[in-house]
Amino acid sequence: MTTLTAPTPPGATRHDHPALPGGYAVPDFDKPLPPREGDREIQYREALREAMSEEMRRDERVFLIGEEVAEYNGAYKVSQGMLDEFGAKRIIDSPISENGFAGMSIGAAMYGLRPIVEFMSWSFSFVAADAILNNAPKMLYMSGGQWGCPIVFRGNDGAGGQLASTHSWCVEGLYANVPGLKIAIPSNPYDAKGLLKTAILDPDPVFFLESERMLGDKAHVPEEEYYIPFGKARLVREGGDCTIISWGRPVNFAAEACERLAADGIECDLLDMRTIRPLDMDAVVESIKKTNRIVIVDQSWPFGGVASEVISQITEQAFDWLDAPPVRVNTADVPTPYAKGLESAYLPNPDRIYDAVKQCTA
Amino acid sequence: MTQASASTKSPQSTGKPSDGLSDDTLRKWLYDMQLIREFETRTMQAYQQAKIGGFCHIYSGQEACAVGTINSVNQDDPVVLAYRDHGHALARGMHPRACMAEMYGKLEGCAKGKGGSMHMFDKPNWLFGGHGIVGAQTPLGAGLAFAARYEWEVLGKGKKKVALCYLGDGAIDQGAFHEALNLASLFSIPVIYIIENNGYSMGTAIHRHTANHENLISRGQSYGIKSIEIDGFDIVDVYDQFKPLADECRDLQRPGFVDLKTYRYMGHSMSDPQKYRTKDEVDTWKEKDSIAALASRLMTAKSDGGRECLSEDDWKAMRSEIAEIVRDAVQFAENGTDPDVGAELYSDVYIHPVPNLSPMGDYIHGDKNPLL
Ligand SMILES: Cc1ncc(C[n+]2csc(CCOP(=O)(O)OP(=O)(O)O)c2C)c(N)n1
Ligand SMILES: [Mg+2]
């Protein structure tokens with residue numbers, strides 16, 4: 001069989017696996033990450049683009065496919081300019097056939113390529129459910145370890161802003177249930193870049209959840225190359241009164257709530273989980289041992305969701321450390337409404353997080 | 001390889017690809033078809049003895065489809081299948097032991113007992129699986145061909161390939177299939193969709209499950225894909241028509257579509273009482289039997305238009321050799337190892353398992369697949 005290998009990123013080690021021609025590279029995660037402070041401010045969407053472009057320059061097996069990614073320069077301008085650099089063979093406009101192009105990319109990944117599949121929105125991934133849930137995460141198991149599926153599915157997750165119920169899905173509540181896949185959900189440009197680079201190198205299927213509402217967010221993203229490990233939460237803020245954990249966009253709401261709580265004299269640990277599968281429960285438990293209280297902010301629905309899973313694991317691992325019942329802040333348990341006022345009441349927001357912490361620390 | 005002998009045309013060529021086939025090649029095809037037939041007979045027995053579980057779909061009757069088409073391409077051309085997959089797996093070169101052991105749920109099976117009857121995977125033979133969801137394999141087939149083309153065109157490695165994607169007539173009703181056809185033609189992907197049209201989607205006859213059923217190739221044609229009909233009972237004819245299509249799709253890097261007309265002798269799956277068709281209907285089709293037809297062709301005198309390269313005794317010997325091989329496969333499966341729960345339940349879920357992927361504990365690497 002032809003082996004399709006790519007240059008190993010500096011500092012990374014190459015691992016062999018019978019299912020993957022050419023093996024796969026694992027970055028040196030012991031190396032400290034570059035500082036988050038600096039003045040190279042770029043948008044979240046640019047951070048994503050840099051991650052993809054850097055990996056595409058190193059590894060010719062990587063290609064990007066999705067609706068409007070090439071000639072239109074990306075429906076949300078994430079892939080702007082990439083067609084010019086990489087050409088139409090690697091930046092591929094697809095028809096509106098999510099099941100078709102997701103499935104096609106899974107076949108290409110089994111063969112040994114490294115597809116990045118852009119869903120304009122994760123809300124549109126349901127028509128590809130069979131491909132992304134029944135094929136990608138199960139191929140290795142079903143084939144008894146013969147064929148892997150190194151692929152990244154990425155796109156906007158969560159409410160975009162008055163898009164109503166069909167277009168505002170937070171898929172993590174559903175998809176986190178499936179073994180065989182990994183889920184990353186960055187809350188800021190720095191993490192978006194470092195996590196996406198890790199996702200592209202990762203030899204397993206990665207669901208990468210972005211947010212339309214964050215694509216324009218700006219922050220310092222260092223020039224130097226870095227990879228953020230999966231399964232390592234970031235302590236955004238330190239405090240001994242309560243632990244708040246979240247992932248994706250609501251991390252920013254929680255940070256806002258923390259400011260107001262601090263003004264009231266309540267100091268919180270805020271953990272940005274960064275990946276849902278794997279989920280850094282070690283960091284959660286460590287923080288609970290200090291604060292004895294926890295609020296979980298989850299932008300998907302409450303029933304059988306990620307917050308519920310976190311609470312289950314807390315009861316298993318840290319029950320005796322709790323001084324109060326865990327509190328979860330989810331989206332309202334209804335289809336996403338259109339009207340502005342209804343939508344903002346539906347979403348987790350700083351007010352609701354503030355109230356939840358007050359309740360938990362009362 | 002049969003391909004080598006097939007490429008040299010005999011002097012009295014009439015222009016058909018099969019003119020160049022050697023006696024050895026034809027005997028090998030007969031052997032392969034009979035192997036599938038015998039294998040399936042023993043599979044049914046084992047199923048009835050509850051040695052095999054789950055859904056199990058028997059290929060008997062359709063042998064010329066798999067053997068004729070697979071022998072028209074190269075060993076390293078990717079192949080992907082639906083769930084009625086034992087025949088293709090064997091035709092592709094999977095050892096009968098690995099195939100039977102998989103159905104027995106043994107570690108020695110092609111998927112270490114994790115896939116079963118519907119999920120035959122064989123990496124050394126470029127077999128990307130049987131797939132249990134009707135139509136799901138059709139975008140995968142496009143992807144395999146896309147990757148093969150990308151490897152050759154963008155990475156500058158390898159050579160022009162063509163992928164084979166098999167599906168039943170029921171699968172043409174799936175959206176995934178239409179999306180795949182559109183993508184294959186739009187992106188000029190060298191994948192051939194082979195519809196093994198056995199006239200039934202489970203218990204639903206073709207005229208009750210698909211519109212314009214007498215003109216299936218119009219489905220392919222409407223996407224600008226070269227589409228042909230082939231009688232799937234005459235293996236030489238399958239080769240004569242399929243080989244040029246495969247060569248053309250490889251050469252031009254274009255998709256193809258085949259309405260391969262066939263019939264299944266057994267029920268849809270092992271649990272099918274077959275109320276939807278008569279025994280007479282089945283018997284009529286059996287008169288066309290592809291194995292009997294090829295055997296007779298090889299035994300008939302040249303003066304009567306036959307090949308005259310197989311005696312009654314040869315054929316008998318061949319059948320008993322095959323029976324022995326299949327008996328051995330069953331014995332091998334019987335003696336196989338039950339997968340160890342500690343080693344296999346939580347392995348092969350991730351290529352790169354890391355901590356905290358599951359609340360149930362860590363994923364691991366299991367035993368190496370026996371085919372690798
Ligand atoms: C999406 C989906 N729906 C239903 C089924 C159940 N099912 C399995 S095979 C089958 C009939 C398919 O017939 P066809 O495609 O003609 O293949 P054949 O069995 O004749 O080889 C059905 C309904 C399934 N496996 N997947
Ligand atoms: Mg059928």
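Look above for the structure.
Right, let's walk through the structure included here. This structure is a prediction, so every number in the text was calculated from the model and none was measured.

1. A closer look at the overall build of chain B
And step 1. When you go through chain B residue by residue, the secondary structure sums to 14 helices and eight strands.
And step 2. Rg of the C-alpha trace for chain B: 21 Å, near the compact-globule value of 21 Å for 372 residues, within the 12% margin.
And step 3. Overall, the C-alpha framework of chain B stretches about 70 × 50 × 45 Å when taken along its three principal axes.
And step 4. For chain B, the residues scored as buried account for 58% of the 372 residues in total.

2. Remarks on the interface of chain A and chain B
And step 1. In this assembly, 65 residues from chain A lie in contact with 59 residues from chain B.
And step 2. Between chain A and chain B lies a buried interface of about 5,000 Å² when both sides are counted; carbon and sulfur atoms form 65% of it.
And step 3. When the buried area of chain A at its contact with chain B is split by residue, Tyr111(A), Tyr141(A) and Gln146(A) rank highest and sum to 17% of it.
And step 4. Across the chain A-chain B interface, the total number found is one salt bridge.
And step 5. Between the two partners, chain A and chain B, sit 28 residue pairs in polar contact (both at pLDDT 80 or more).
And step 6. Residue assignment for the side of chain A that touches chain B shows that the elements contributing at least two residues are β2 (20-26), β4 (62-66), β5 (91-93), α3 (98-111), α4 (129-135), α5 (139-142), α9 (281-291) and α10 (306-318) of chain A.

3. Quick word on the packing of α3(A) against helix α7 (residues 175-186) of chain B
And step 1. As a packed pair, α3(A) and α7(B) sit with axes 8 Å apart at the nearest point and diverge in direction by 70°. The angle between α3(A) and α7(B) falls in the class roughly perpendicular. Contacts between α3(A) and α7(B) involve Glu98(A), Asn99(A), Gly100(A), Phe101(A) and Met104(A) from the former and Ala176(B), Glu179(B) and Leu183(B) from the latter.
And step 2. Of the residues in the contact of α3(A) with α7(B), the class split is four nonpolar, two polar and two charged.

4. Considerations on unusual backbone geometry
Residue and element names in this part refer to chain A.
And step 1. In the segment running from Arg-277 into Pro-278, the intervening peptide bond is cis, with an omega of 5°.
And step 2. Checked against the element boundaries, Pro-278 lands in the loop between β14 (275-277) and α9.
And step 3. With a phi close to 70°, Asn-73 is a non-glycine residue in the positive phi region.
And step 4. In this structure, Asn-73 sits in the loop between β4 and α2 (82-86).
And step 5. For Asn-73, a relative accessible area of 22% corresponds to the partly exposed category.
And step 6. Despite not being glycine, Arg-274 has its phi angle at roughly 65°, a positive value.
And step 7. Checked against the element boundaries, Arg-274 lands in the loop between β13 (268-272) and β14.

About the criteria used
- Residues numbered from 1 in each chain as written.
- Chains lettered and ligands numbered in written order.
- Predicted model: local features only at pLDDT ≥ 70, side-chain atom pairs only at ≥ 80, totals over all residues.
- Heavy atoms only, no water.
- Helix = DSSP H or I, 4+ residues; strand = E, 2+ residues; numbered from the N terminus.
- Rg over C-alpha atoms; globule rule 2.2 N^0.38 Å.
- Buried < 20%, exposed > 50% of the residue type's maximum accessible area, 1.4 Å probe, protein only.
- Contact = heavy atoms within 4.5 Å.
- Buried area = accessible area lost by both parts, 1.4 Å probe.
- Salt bridge = Lys/Arg side-chain N within 4 Å of Asp/Glu carboxyl O.
- Polar contact = N/O pair within 3.5 Å; in protein donor to acceptor, adjacent residues only side chain to side chain.
- Axes fitted to C-alpha atoms, helices over the stretch in contact; angles between N-to-C directions.
- Parallel < 35°, antiparallel > 145°, perpendicular 65-115°, else oblique.
- Nonpolar A, V, L, I, M, F, W, Y, C, P; charged D, E, K, R; others polar.

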